[in-house]
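What follows is each chain in one-letter form.
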Amino acid sequence: MTERGICFTGASVSAILAGRKTQTRRLINMRDIQFLGAGGEGGADWNDPACWGYAADDGRTYLLDQSTKRTPWNDAIRCPFGVVGEGLWGKEAFAPRYFDDGSPAYRAAWTGHCVGLLSPPKWKSPRFMPRALSRLPLRVVLIRAQRLQDISEEDARAEGLALDPVIAEGHAVAIYARLWDEINGHRVPWERNPWVWAITFELLRNKRRRDDGLNRRIGAPTGDVWTMAHARQESTS
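Residues numbered from 1 in each chain as written. Predicted model: local features only at pLDDT ≥ 70, side-chain atom pairs only at ≥ 80, totals over all residues. Heavy atoms only, no water.

K.L.:
Break down unusual backbone geometry for me, with residues and values.
P.N.:
With the exception of glycine, most residues fall at negative phi, and the peptide bonds are largely trans. Its identity is not glycine, yet Arg 97 carries a phi of approximately 50°, on the positive side. Overall, Arg 97 belongs to the exposed group, its relative accessible area being 66%. You will see that Asn 193, though not glycine, has its phi angle at about 55°, which is positive. Position of Asn 193 relative to the elements: it lies in the loop between helix H3 (172-184) and strand S11 (195-203). The class of Asn 193 is buried, set by a relative accessible area of 13%. (Buried < 20%, exposed > 50% of the residue type's maximum accessible area, 1.4 Å probe, protein only. Helix = DSSP H or I, 4+ residues; strand = E, 2+ residues; numbered from the N terminus.)

Structure below.
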(Lines give C-alpha, C1' and ligand atoms only; values in the text may rest on other atoms or scores of the structure.)
Protein backbone atom coordinates (compact mmCIF):
# COMPACT_ATOMS: atom_id res chain seq x y z
CA MET A 1 0.00 0.00 0.00
CA THR A 2 1.32 3.43 -0.96
CA GLU A 3 2.05 5.65 2.05
CA ARG A 4 2.70 9.38 2.23
CA GLY A 5 3.91 11.53 5.10
CA ILE A 6 1.72 14.32 6.42
CA CYS A 7 2.74 16.84 9.08
CA PHE A 8 0.75 17.49 12.26
CA THR A 9 1.53 19.60 15.31
CA GLY A 10 1.24 18.44 18.88
CA ALA A 11 -2.38 19.46 19.33
CA SER A 12 -3.43 17.50 16.26
CA VAL A 13 -1.37 14.47 17.25
CA SER A 14 -3.02 14.37 20.67
CA ALA A 15 -6.48 14.73 19.11
CA ILE A 16 -5.79 11.88 16.68
CA LEU A 17 -4.55 9.58 19.43
CA ALA A 18 -7.59 10.47 21.54
CA GLY A 19 -9.92 9.61 18.66
CA ARG A 20 -11.28 13.15 18.24
CA LYS A 21 -9.56 14.09 15.00
CA THR A 22 -10.43 12.14 11.86
CA GLN A 23 -10.28 14.97 9.31
CA THR A 24 -7.76 17.52 8.12
CA ARG A 25 -8.04 20.31 5.59
CA ARG A 26 -5.15 21.36 3.41
CA LEU A 27 -5.11 24.22 0.91
CA ILE A 28 -5.30 23.23 -2.75
CA ASN A 29 -2.60 24.64 -4.99
CA MET A 30 -4.71 26.56 -7.50
CA ARG A 31 -1.82 27.74 -9.65
CA ASP A 32 -2.94 25.95 -12.83
CA ILE A 33 -6.61 25.46 -11.96
CA GLN A 34 -9.18 27.71 -13.61
CA PHE A 35 -12.91 28.30 -13.40
CA LEU A 36 -14.55 26.43 -16.28
CA GLY A 37 -18.19 27.03 -15.43
CA ALA A 38 -20.71 29.72 -16.29
CA GLY A 39 -21.96 32.75 -14.43
CA GLY A 40 -18.78 33.91 -12.75
CA GLU A 41 -18.26 34.53 -9.05
CA GLY A 42 -21.48 34.15 -7.10
CA GLY A 43 -23.08 32.02 -9.80
CA ALA A 44 -24.36 28.49 -9.37
CA ASP A 45 -21.14 26.98 -10.75
CA TRP A 46 -18.69 28.98 -8.66
CA ASN A 47 -18.55 26.57 -5.72
CA ASP A 48 -18.93 23.38 -7.77
CA PRO A 49 -15.67 21.38 -7.92
CA ALA A 50 -16.81 19.93 -11.24
CA CYS A 51 -16.47 23.44 -12.71
CA TRP A 52 -12.84 23.96 -11.73
CA GLY A 53 -9.90 22.34 -13.49
CA TYR A 54 -7.45 22.59 -16.32
CA ALA A 55 -6.91 21.23 -19.82
CA ALA A 56 -3.89 18.94 -20.11
CA ASP A 57 -1.66 18.00 -23.02
CA ASP A 58 -3.17 14.50 -23.11
CA GLY A 59 -6.47 16.00 -24.30
CA ARG A 60 -8.28 15.51 -20.99
CA THR A 61 -9.77 18.13 -18.73
CA TYR A 62 -8.79 17.44 -15.14
CA LEU A 63 -11.39 18.50 -12.56
CA LEU A 64 -11.37 19.09 -8.81
CA ASP A 65 -14.47 16.93 -8.44
CA GLN A 66 -13.12 13.68 -7.01
CA SER A 67 -16.11 11.73 -8.32
CA THR A 68 -15.02 12.43 -11.91
CA LYS A 69 -14.55 9.17 -13.80
CA ARG A 70 -11.56 8.76 -16.08
CA THR A 71 -12.58 8.97 -19.73
CA PRO A 72 -10.79 10.02 -22.92
CA TRP A 73 -12.05 13.55 -22.16
CA ASN A 74 -12.05 13.98 -18.38
CA ASP A 75 -10.37 12.84 -15.18
CA ALA A 76 -10.12 13.94 -11.54
CA ILE A 77 -7.21 16.01 -10.29
CA ARG A 78 -5.24 13.75 -8.00
CA CYS A 79 -4.94 14.85 -4.40
CA PRO A 80 -1.25 15.02 -3.39
CA PHE A 81 -2.14 13.07 -0.23
CA GLY A 82 -3.23 10.00 -2.20
CA VAL A 83 -6.52 8.26 -2.87
CA VAL A 84 -9.05 6.39 -0.77
CA GLY A 85 -7.53 3.23 0.67
CA GLU A 86 -3.94 4.44 0.58
CA GLY A 87 -1.90 5.14 3.68
CA LEU A 88 -0.63 8.24 5.40
CA TRP A 89 1.86 8.40 8.22
CA GLY A 90 1.76 11.27 10.64
CA LYS A 91 4.87 13.39 11.13
CA GLU A 92 5.32 15.35 14.35
CA ALA A 93 7.97 17.26 16.29
CA PHE A 94 10.41 14.83 17.90
CA ALA A 95 13.82 14.45 19.50
CA PRO A 96 15.62 11.47 17.94
CA ARG A 97 17.59 9.06 20.11
CA TYR A 98 16.72 11.04 23.23
CA PHE A 99 16.69 8.16 25.71
CA ASP A 100 19.59 5.88 26.58
CA ASP A 101 18.15 3.03 24.54
CA GLY A 102 18.05 5.22 21.43
CA SER A 103 14.31 5.84 21.58
CA PRO A 104 12.88 9.23 20.58
CA ALA A 105 10.83 11.71 22.59
CA TYR A 106 7.67 13.25 21.13
CA ARG A 107 6.85 16.88 21.74
CA ALA A 108 3.11 16.25 21.80
CA ALA A 109 3.54 14.29 25.03
CA TRP A 110 6.22 16.41 26.65
CA THR A 111 5.58 18.13 30.00
CA GLY A 112 8.55 20.44 29.85
CA HIS A 113 10.27 18.73 32.78
CA CYS A 114 13.42 16.63 32.69
CA VAL A 115 14.37 13.92 35.15
CA GLY A 116 17.81 12.85 36.34
CA LEU A 117 20.64 13.52 33.93
CA LEU A 118 18.41 14.14 30.91
CA SER A 119 18.89 17.49 29.23
CA PRO A 120 16.00 19.28 27.50
CA PRO A 121 15.19 17.72 24.13
CA LYS A 122 16.36 19.39 20.96
CA TRP A 123 13.16 19.24 18.96
CA LYS A 124 13.21 18.65 15.24
CA SER A 125 10.54 19.84 12.85
CA PRO A 126 7.92 17.27 11.75
CA ARG A 127 9.27 17.69 8.23
CA PHE A 128 12.38 15.73 9.21
CA MET A 129 10.69 12.78 10.92
CA PRO A 130 11.63 9.44 9.30
CA ARG A 131 8.91 6.91 8.64
CA ALA A 132 10.38 4.48 11.18
CA LEU A 133 9.67 6.86 14.09
CA SER A 134 6.06 7.67 13.18
CA ARG A 135 3.42 6.47 15.64
CA LEU A 136 0.47 7.54 13.49
CA PRO A 137 -0.31 4.98 10.76
CA LEU A 138 -3.39 6.33 8.98
CA ARG A 139 -5.60 5.21 6.11
CA VAL A 140 -7.45 7.59 3.79
CA VAL A 141 -11.20 7.03 4.00
CA LEU A 142 -12.52 9.92 1.93
CA ILE A 143 -11.12 12.82 -0.09
CA ARG A 144 -13.21 15.79 -1.15
CA ALA A 145 -12.36 19.05 -2.87
CA GLN A 146 -14.56 21.71 -1.34
CA ARG A 147 -14.76 25.33 -0.36
CA LEU A 148 -13.50 25.92 3.15
CA GLN A 149 -16.84 27.39 4.25
CA ASP A 150 -18.66 24.25 3.12
CA ILE A 151 -17.48 22.50 6.29
CA SER A 152 -20.42 21.13 8.29
CA GLU A 153 -20.92 21.07 12.06
CA GLU A 154 -20.07 17.38 12.07
CA ASP A 155 -16.95 17.95 9.99
CA ALA A 156 -15.81 20.79 12.25
CA ARG A 157 -15.99 18.47 15.24
CA ALA A 158 -14.08 15.81 13.30
CA GLU A 159 -11.25 18.33 12.90
CA GLY A 160 -10.40 17.58 16.52
CA LEU A 161 -12.13 20.37 18.39
CA ALA A 162 -12.42 19.57 22.08
CA LEU A 163 -15.75 21.25 22.72
CA ASP A 164 -18.22 21.30 25.56
CA PRO A 165 -21.24 19.61 23.94
CA VAL A 166 -23.70 22.03 25.56
CA ILE A 167 -21.88 25.29 24.92
CA ALA A 168 -20.73 24.37 21.42
CA GLU A 169 -24.00 22.92 20.12
CA GLY A 170 -24.53 24.49 16.70
CA HIS A 171 -21.36 26.58 16.96
CA ALA A 172 -18.61 24.18 15.87
CA VAL A 173 -18.22 25.79 12.43
CA ALA A 174 -17.96 29.27 13.93
CA ILE A 175 -15.30 28.06 16.37
CA TYR A 176 -13.41 26.32 13.60
CA ALA A 177 -13.57 29.49 11.46
CA ARG A 178 -12.04 31.48 14.29
CA LEU A 179 -9.27 28.94 14.69
CA TRP A 180 -8.64 28.91 10.95
CA ASP A 181 -8.09 32.66 10.95
CA GLU A 182 -5.78 32.48 13.94
CA ILE A 183 -3.70 29.92 12.05
CA ASN A 184 -4.02 30.97 8.41
CA GLY A 185 -5.66 34.40 8.43
CA HIS A 186 -2.46 36.18 7.45
CA ARG A 187 -2.24 34.05 4.29
CA VAL A 188 -5.70 32.83 3.34
CA PRO A 189 -8.44 34.08 5.68
CA TRP A 190 -11.74 32.30 6.19
CA GLU A 191 -13.65 35.02 4.36
CA ARG A 192 -11.72 34.29 1.17
CA ASN A 193 -13.31 30.82 1.18
CA PRO A 194 -10.44 28.96 -0.54
CA TRP A 195 -10.57 25.52 -2.05
CA VAL A 196 -9.24 22.82 0.28
CA TRP A 197 -8.66 19.09 0.29
CA ALA A 198 -10.94 17.71 2.99
CA ILE A 199 -9.28 14.45 3.97
CA THR A 200 -11.00 11.93 6.21
CA PHE A 201 -8.76 9.27 7.72
CA GLU A 202 -8.69 6.54 10.31
CA LEU A 203 -5.96 5.58 12.75
CA LEU A 204 -4.85 1.99 12.22
CA ARG A 205 -4.88 0.97 15.87
CA ASN A 206 -4.63 -2.71 14.98
CA LYS A 207 -1.11 -2.17 13.66
CA ARG A 208 1.91 -2.11 15.90
CA ARG A 209 2.87 1.50 16.43
CA ARG A 210 4.89 3.62 18.80
CA ASP A 211 2.88 5.24 21.58
CA ASP A 212 3.55 7.60 24.45
CA GLY A 213 5.09 4.89 26.63
CA LEU A 214 8.59 6.23 26.18
CA ASN A 215 7.52 9.64 27.39
CA ARG A 216 5.66 8.20 30.40
CA ARG A 217 8.99 7.34 31.99
CA ILE A 218 9.58 11.08 32.52
CA GLY A 219 6.07 11.77 33.73
CA ALA A 220 4.70 13.24 30.54
CA PRO A 221 0.96 13.09 29.85
CA THR A 222 -0.30 10.96 27.00
CA GLY A 223 -2.66 13.55 25.58
CA ASP A 224 -3.91 17.09 25.81
CA VAL A 225 -6.91 18.96 24.49
CA TRP A 226 -7.27 21.12 21.45
CA THR A 227 -7.57 24.63 22.80
CA MET A 228 -7.32 28.07 21.30
CA ALA A 229 -3.77 28.32 22.61
CA HIS A 230 -2.74 25.02 20.99
CA ALA A 231 -4.41 25.96 17.74
CA ARG A 232 -2.26 29.07 17.39
CA GLN A 233 0.71 26.76 16.96
CA GLU A 234 -0.83 25.04 13.96
CA SER A 235 0.20 25.98 10.44
CA THR A 236 -2.16 23.38 9.04
CA SER A 237 -5.11 21.68 10.56
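K.L.:
How would you sum up the side chain of Glu 92? Please name residues and give values.
P.N.:
Structurally, Glu 92 can be placed in the loop between strand S7 (87-91) and strand S8 (94-95). Since its relative accessible area comes to 1%, Glu 92 is described here as buried. Here Arg 135 takes part through its side chain, which lies 2.7 Å from a polar atom of the side chain of Glu 92. Those residues in contact with Glu 92 that sit more than four places away from it in its chain are Phe 8, Val 13, Tyr 106, Ala 108, Pro 126, Met 129 and Arg 135. (Polar contact = N/O pair within 3.5 Å; in protein donor to acceptor, adjacent residues only side chain to side chain. Contact = heavy atoms within 4.5 Å.)

K.L.:
Give me the lowdown on the packing of aromatic side chains, citing residues and values where you can.
P.N.:
The final tally for this structure, using the stated rule, is 11 aromatic pairs. Measuring from centroid to centroid gives 5.0 Å for Trp 46 and Trp 52, while their planes differ by 70°, and the two rings are edge-to-face. Residue classification places Trp 52 among the buried residues on the basis of a relative accessible area of 9%. Geometrically, the ring pair formed by Tyr 98 and Phe 99 is edge-to-face, given 5.0 Å between the ring centres and 80° between the ring planes. (Phe/Tyr/Trp six-rings, centres within 6.5 Å; stacked < 30°, edge-to-face > 60°.)

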